Amino acid sequence: MQKNQDVYKAVIPVGGLGTRLLPATKVLPKELLPVGRRPMVQYVVEEMRAAGLENICFVTGRRKTLIQEHFDHDPELVRHLQDRGLDELLAELAYLESGFHLTYIRQSGPQGLADALSLAEDFVAGQPFVLALGDSIMCEPEMGSLLRKMIREHLEHDVAATIAVEKLPPERAKAYSFVLPQEGTAVQAEVFEVAEVSDKPPQPSGNWAIAARFVFSPAIFAAIRRSRPSRAGELRLTDAIRILLRQGKKVQAVPLSPDQRHHDIGSFGGYFRAFLEFALKDHYYGAEVRSYLEELMARKEEWYGDE
Ligand code: UTP
């Protein structure tokens, strides 16, 4: 694991209501919905650790205390497994022992992502830091490599924000915010300067959707303070990034490489896609799931109209 001396803190907001996933999220925080074998937010924490970020701050909200429970030690459960010699299951709890430090801050209500982030200003204490959305999983051959690259580029170019971006097919693009590159950016650029942030998909050529991972300098907090709530009463992160740009601060984007994939699990479409991928890749059940899927694909006529 590569360690970065200058960036070692991450903020993971988990205070939203998860309304798009109702009724699954009526009681269970969306960030705890299982994807394959783990609750989705556990992958996010493991990614932070892999990127050398050992200080993690969750911004939580009402009905989110179960997230804290998930990352709490449970001596009774450990003793139970030890007494029965269930070593494989004990190993599944190793995520609790991996030496990270967790802080929890509570957002008083779902007043937007930028509001959630603003609460972590004291936690980041004037240093550049990572923001990772708690409902998004990054699949990559080497866990943490996207963030390590973003941190490297951020420090090297001394910018106010570094944003992960990806190209999306038009049918999935509608739900996202986008960045527009500065003119003259090479199509294959490893990192490019951002000219504008847009809440509507631009032309396919400029189709760079924001992909749930950011490195920010502390200037983002002053920009959030300057931004105004949207009509829905939320402080939006895209508005704060726009303010950074208007102030003449540099914002850059790092495109995901072809072998990196971002799963946004805020909607059922994203959730189903992610779960399917993790189930198909499962080391134990993957083969069984793959053959069941083939069987299902051969019975297309039975698909229409679920429940
Ligand atoms: P989303 O906007 O996707 O989550 O925020 P949401 O608000 O829970 O979703 P819907 O629209 O009601 O279905 C992305 C991440 O930011 C957190 C969410 O918990 C999610 O992990 N978030 C969002 C906050 O922490 N606070 C907020 O006010 C909003």
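For the structure, see preceding data.
These figures come from a predicted structure and were not determined experimentally. (Residues numbered from 1 in each chain as written. Predicted model: local features only at pLDDT ≥ 70, side-chain atom pairs only at ≥ 80, totals over all residues. Heavy atoms only, no water.)

J.: When you look at the overall build of the protein chain in this model, what are you seeing that I'm missing?
T.: In terms of regular secondary structure, the protein chain is built from 12 helices and 13 strands. Here the C-alpha atoms of the protein chain give a radius of gyration of 20 Å, agreeing with the 19 Å that 2.2 N^0.38 yields for 307 residues. The principal-axis extents of the C-alpha atoms in the protein chain amount to approximately 60 × 50 × 40 Å. Looking at the protein chain as a whole, 48% of its 307 residues qualify as buried. (Helix = DSSP H or I, 4+ residues; strand = E, 2+ residues; numbered from the N terminus. Rg over C-alpha atoms; globule rule 2.2 N^0.38 Å. Buried < 20%, exposed > 50% of the residue type's maximum accessible area, 1.4 Å probe, protein only.)

J.: Any chance you could explain the packing of helix α9 (residues 219-226) against helix α10 (residues 237-246) here in plain terms?
T.: Two measures define how a pair of helices packs: the angle their axes make with one another and the distance between the axes. Put simply, α9 and α10 touch, their axes get as near as 8 Å, and they point 110 degrees apart. In terms of orientation, α9 lies roughly perpendicular with respect to α10. Residues Ala219, Ile220, Ala223, Ile224 and Arg226 of α9 touch α10, and the partners they reach there are Ala240, Ile241, Ile243 and Leu244. Its residues placed into classes, the contact of α9 with α10 shows 8 nonpolar, no polar and 1 charged. (Axes fitted to C-alpha atoms, helices over the stretch in contact; angles between N-to-C directions. Parallel < 35°, antiparallel > 145°, perpendicular 65-115°, else oblique. Contact = heavy atoms within 4.5 Å. Nonpolar A, V, L, I, M, F, W, Y, C, P; charged D, E, K, R; others polar.)

J.: For this particular structure, what's the right way to read the site of the ligand?
T.: Contacts to the ligand come from 18 residues, most closely from Gly15, Gly18, Thr19, Glu31 and Gly112. Threonine 19 is positioned with one of its side-chain polar atoms (N or O) 2.6 Å from an oxygen atom of the ligand. Between an oxygen atom of the ligand and a side-chain N or O atom of aspartate 135, the distance comes to 3.2 Å. For the shell around the ligand, the per-class residue count stands at 6 nonpolar, 8 polar and 4 charged. (Near = heavy atom within 4 Å. Polar contact = N/O pair within 3.5 Å; in protein donor to acceptor, adjacent residues only side chain to side chain.)

J.: How should α10 be read in this particular structure?
T.: Turn by turn, an α-helix covers 3.6 residues, leaving residues three or four places apart pointing in a common direction. Taken across its 10 residues, α10 has 9 buried, putting it largely inside the fold. Every buried residue belonging to α10 is among Leu237, Thr238, Asp239, Ala240, Ile241, Arg242, Ile243, Leu244 and Leu245, and all of these are buried.

J.: Quick question: what am I supposed to make of the nonpolar core here?
T.: What tends to happen in soluble globular proteins is that the nonpolar side chains get buried as a cluster. Leu117, Phe216 and Ile220 are the most contacted members of the largest nonpolar core, which has 39 residues in total. Counting residues per element, this core draws most heavily on α10, at 6 residues. If near-sequence neighbours (up to four positions away) are discounted, leucine 117 is found in contact with Val11, Phe129, Leu131, Phe216, Ile220, Phe221, Ile224 and Leu237. Core analysis: the second largest hydrophobic core is formed by 33 residues, Met48, Ala164, Val254 and Leu256 among them. (Core = buried A, V, L, I, M, F, W, Y, C linked by side-chain atoms within 4.5 Å.)

J.: What is the right way to read the pattern of salt bridges from this model?
T.: A side chain of one charge can pair with a side chain of the opposite charge when the charged atoms of the two come close. According to the stated counting rule, one finds 17 salt bridges in the structure shown. Where glutamate 54 meets arginine 49, a salt bridge forms, and the shortest distance between an N and an O atom there is 4.0 Å. When its relative accessible area of 23% is taken as the criterion, glutamate 54 is described as partly exposed. Between lysine 149 and glutamate 190 there is a salt bridge; the shortest N-O distance is 2.9 Å. Pair noted here: lysine 149 is in helix α7 (residues 145-157) and glutamate 190 is in the loop between β9 (178-181) and β10 (192-198), with a separation of 41 residues, a long-range link. (Salt bridge = Lys/Arg side-chain N within 4 Å of Asp/Glu carboxyl O.)

J.: Whenever I open this one, the pairing of β10 confuses me. Can you help?
T.: A regular strand places its side chains on the two faces of the sheet in alternate fashion. Note that β9 and β10 share 4 bridges and pair antiparallel. Considered in β10, the bridge of phenylalanine 178 is made with serine 198. Of the strand pairs in this sheet, β10 and strand β12 (residues 251-255) are connected by 2 bridges, and their pairing is antiparallel. Across the sheet, the residue bridging to phenylalanine 192 is alanine 253, located in β12. (Pairing = 2+ DSSP bridges.)

J.: Help me understand the environment of leucine 81, please; the structure alone is not making it clear to me.
T.: Along the chain, the position of leucine 81 falls in helix α3 (residues 75-83). Relative accessible area serves as the criterion here: at 8%, leucine 81 is assigned to the buried category.

J.: Help me understand unusual backbone geometry, please; the structure alone is not making it clear to me.
T.: Peptide bonds are mostly trans, and most non-glycine residues show a negative phi. Note that the residue after leucine 22, namely proline 23, is joined by a cis bond; omega there is 5 degrees. The topology assignment puts proline 23 in the loop between β1 (9-13) and β2 (34-35). For aspartate 158, which is not a glycine, the phi torsion comes out positive at approximately 50 degrees. With respect to the secondary-structure elements, aspartate 158 resides in the loop between α7 and β8 (161-167). A relative accessible area of 68% places aspartate 158 in the exposed class.

J.: When you look at the environment of leucine 280 in this model, what are you seeing that I'm missing?
T.: Note on placement: leucine 280 falls in helix α11 (residues 268-280). On the accessibility criterion, leucine 280 (21% relative accessible area) is partly exposed. For leucine 280 and methionine 297, which are 17 residues apart along the polypeptide, the C-alpha to C-alpha distance reads 14 Å.

J.: Explain a negative patch on the surface to me, please; I cannot follow it from the model alone.
T.: Taken together, the side chains of Glu69, Asp72, Asp74 and Glu76 define an acidic patch exposed on the protein surface. Structurally, glutamate 76 is set in helix α3. (Patch = residues over 30% accessible without salt bridge, like charges linked within 9 Å, V, L, I, M, F, W, Y side chains within 5 Å. Areas by Shrake-Rupley, 256 points an atom, 1.4 Å probe, with all protein chains shown as cover. Lys, Arg positive; Asp, Glu negative; His and termini not counted. Charge placed at Lys NZ, Arg CZ, Asp CG, Glu CD.)

J.: How should a positive patch on the surface be read in this particular structure?
T.: Taken together, Lys26, Arg62, Arg63 and Arg106 make up a surface patch of like positive charges. Counting through the fold element by element, arginine 106 comes out in strand β5 (residues 101-106).

J.: What should I look at first to understand the pairing of strand β6 (residues 129-132) in this one?
T.: Residues Phe129 and Leu131 of β6 are buried on one face, and the alternating residues Val130 and Ala132, pointing to the opposite face, are buried as well. Bridge analysis of β1 against β6 gives 2 bridges, and the strand direction is parallel. Along β6, the bridge assignment pairs alanine 10 with valine 130. Relative to strand β11 (residues 208-216), β6 runs antiparallel, the two sharing 4 bridges. Bridge assignment links valine 130 to a residue of β11, and that residue is valine 215.

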